[in-house]
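Single-letter residue listing:
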Amino acid sequence: MTETFSVKERTDKGMGIYEMAGAMNETSKFPPILSVGIPIYVDMEKVLKTNSPGLQLWIKWVRTIDKMQKVHLLKVPDHFIMSASMVESILTRNFVIESFYVPYVNVNTNLQQKILLTQGVDYQPNAIVINKRFNDMEIDVSPERFFLCLKKINPGMMIVIK
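Since the structure is predicted, the reported quantities are computational estimates derived from the model, not experimental observations.

Reading the values: the criteria
- Each chain has its residues counted from 1, running along the sequence as written.
- In keeping with the predicted nature of the model, local features appear solely for residues at pLDDT of at least 70, side-chain atom pairs appear and are counted solely at 80 or more, and the whole-chain, interface and lining totals rest on all residues.
- Based on all heavy atoms of the structure, the side-chain values leave hydrogens and waters out of the count.
- Starting at the N terminus, helices and strands are each numbered in turn, a helix being any DSSP run of H or I of at least four residues and a strand any DSSP run of E of at least two.
- Atoms counted for the radius of gyration: C-alpha only. Globule rule: 2.2 Å times the number of residues to the power 0.38.
- For each residue, the accessible area found with a 1.4 Å probe, counting protein chains only, is set against the maximum for its type, and the residue is called buried under 20%, exposed over 50%, and partly exposed in between.
- Two residues qualify as a contact provided that any one of their heavy atoms is within 4.5 Å of a heavy atom in the partner residue.
- Positive: Lys, Arg. Negative: Asp, Glu. His and the chain ends are not part of the count.
- By convention, charge coordinates are those of NZ in Lys, CZ in Arg, CG in Asp, or CD in Glu.
- We define a nonpolar core as any set of buried Ala, Val, Leu, Ile, Met, Phe, Trp, Tyr and Cys residues linked to one another through side-chain atoms lying within 4.5 Å.
- Picture the helix axis, draw a direction to every C-beta atom, and the arc is the one those directions span.
- The definition of a polar contact used here is a pair of N or O atoms within 3.5 Å, where within protein one atom must be able to donate a hydrogen and the other to accept one, and adjacent residues in sequence count solely through side-chain atom pairs.
- Stacked, tilted and edge-to-face are the three classes assigned to paired rings of Phe, Tyr and Trp, where Trp is represented by its six-membered ring and a pair needs centres within 6.5 Å; plane angles under 30 degrees give stacked, over 60 edge-to-face, the rest tilted.
- Paired strands, in this sense, are two strands between which DSSP finds at least two bridges.

Trainee: In this structure, what is going on with the overall build of the chain? I would like to understand it.
Mentor: Counting its regular elements, the chain contains four helices and eleven strands. Computed over its C-alpha atoms, the radius of gyration of the chain comes to 16 Å, within 12% of the 15 Å expected for a compact globule of 162 residues. The C-alpha extent of the chain, read off along each of the three principal axes, is 45 × 35 × 30 Å. In the chain, which comprises 162 residues, the proportion classed as buried is 44%. Across the chain, every contact between residues at least 6 apart in sequence was considered, and the portion connecting residues at least 24 apart equals 65%. Separation of charge centres in the chain, based on 19 positive and 16 negative side chains, amounts to 4 Å.

Structure, rendered in structure tokens:
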């Protein structure tokens, strides 16, 4: 997979769909929002990495989106979640994280695995319960910091870590 950042945009069934891929960096170009008045779905599964200049360009793009328009993020990579938990303006309250990856590490082999958590399946819009350990896997981030972005976009979100 190439590291060059790209965004494919299309509309389907009354939704604006943006598929992002590559490295979000200083050369990244974000398209104008053409999906005005309809829900926006951003698939981020193929975003390989992000850096600060790339996130600044993302923030500029986010500011062009009407605050009343819902933006649904799908398959958000863990590196983006970590950045969104640290930087206030990466996500705004009109964003919904539909699914995201959480890094876990196998305590026996030290191999990392990213587990996809999906809203409505693994967590609810207002509550998430995180298992620090399951089977031979242990969460590979500080849960208190990692999941902070969920509370930023939904202040009523209850996060339970067990």
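Trainee: Hey, could you run me through the nonpolar core in this one?
Mentor: One recurring pattern in soluble globular proteins: nonpolar side chains tend to sit buried together. Core analysis: the largest hydrophobic core is formed by 43 residues, its most contacted members being Trp58, Leu91, Ile97 and Phe100. Per-element accounting of this core gives the leading share, five residues, to helix 1 (residues 52-62). Each residue touching Trp58, except ones within four places of it in the same chain, is listed here: Met20, Met24, Phe30, Met44, Leu73, Phe80, Ile90, Leu91 and Phe95.

Trainee: I tried to follow helix 2 (residues 78-86) on my own but got confused; where do I start?
Mentor: Helical periodicity: at 3.6 residues per turn, an α-helix aligns residues three or four positions apart in one direction. Judged by how many residues are buried, helix 2 sits mostly within the fold: seven of nine residues are covered. Buried within helix 2 we find Asp78, His79, Phe80, Ile81, Ser83, Ala84 and Ser85.

Trainee: Explain helix 1 here, please?
Mentor: Turning to helix 1, its buried residues number three or more, namely Gly54, Leu55, Trp58, Ile59, Trp61 and Val62. Taken end-on, helix 1 shows its buried residues confined to a sector of 160°, consistent with a single buried face. Turned more than 90 degrees away from the buried face of helix 1 sit Ser52 and Lys60, all of them exposed. The N-terminus of helix 1 is capped by Asn51, whose side-chain oxygen sits 2.9 Å from the backbone nitrogen of Gly54.

Trainee: Please explain the packing of aromatic side chains as it appears in this structure.
Mentor: Any aromatic ring pair is given by two values, namely how distant the centres are and how the planes are angled relative to each other. By the definition in use, this model includes eleven aromatic pairs. Each ring, one from Trp58 and one from Phe95, has its centre 6.3 Å from the other, and the planes form 50°; the classification is tilted. Here Trp58 is found in helix 1, whereas its partner Phe95 is found in strand 5 (residues 95-97), with 37 residues between them in sequence. Assessed through its relative accessible area of 0%, Trp58 is described here as buried. On the basis of relative accessible area, Phe95 is assigned to the buried category, the value being 2%. Members of the aromatic cluster, each reached through a chain of ring pairs, are Phe5, Tyr18, Phe30, Trp58, Trp61, Phe80 and Phe95.

Trainee: Hey, could you run me through the sheet that holds strand 10 (residues 137-139) in this one?
Mentor: By definition, the strands of a sheet pair up through backbone hydrogen bonds, in either a parallel or an antiparallel sense. Strand order across the open sheet formed by four strands is 7-6-10-9, with antiparallel pairing between neighbours. Lying at the two open borders of the sheet, with one neighbouring strand each, are strand 7 (112-118) and strand 9 (133-134). Note: strand 6 (residues 99-106) against strand 10, three bridges, orientation antiparallel. Looking at the pairing, Val105 lines up with Glu138 of strand 10.

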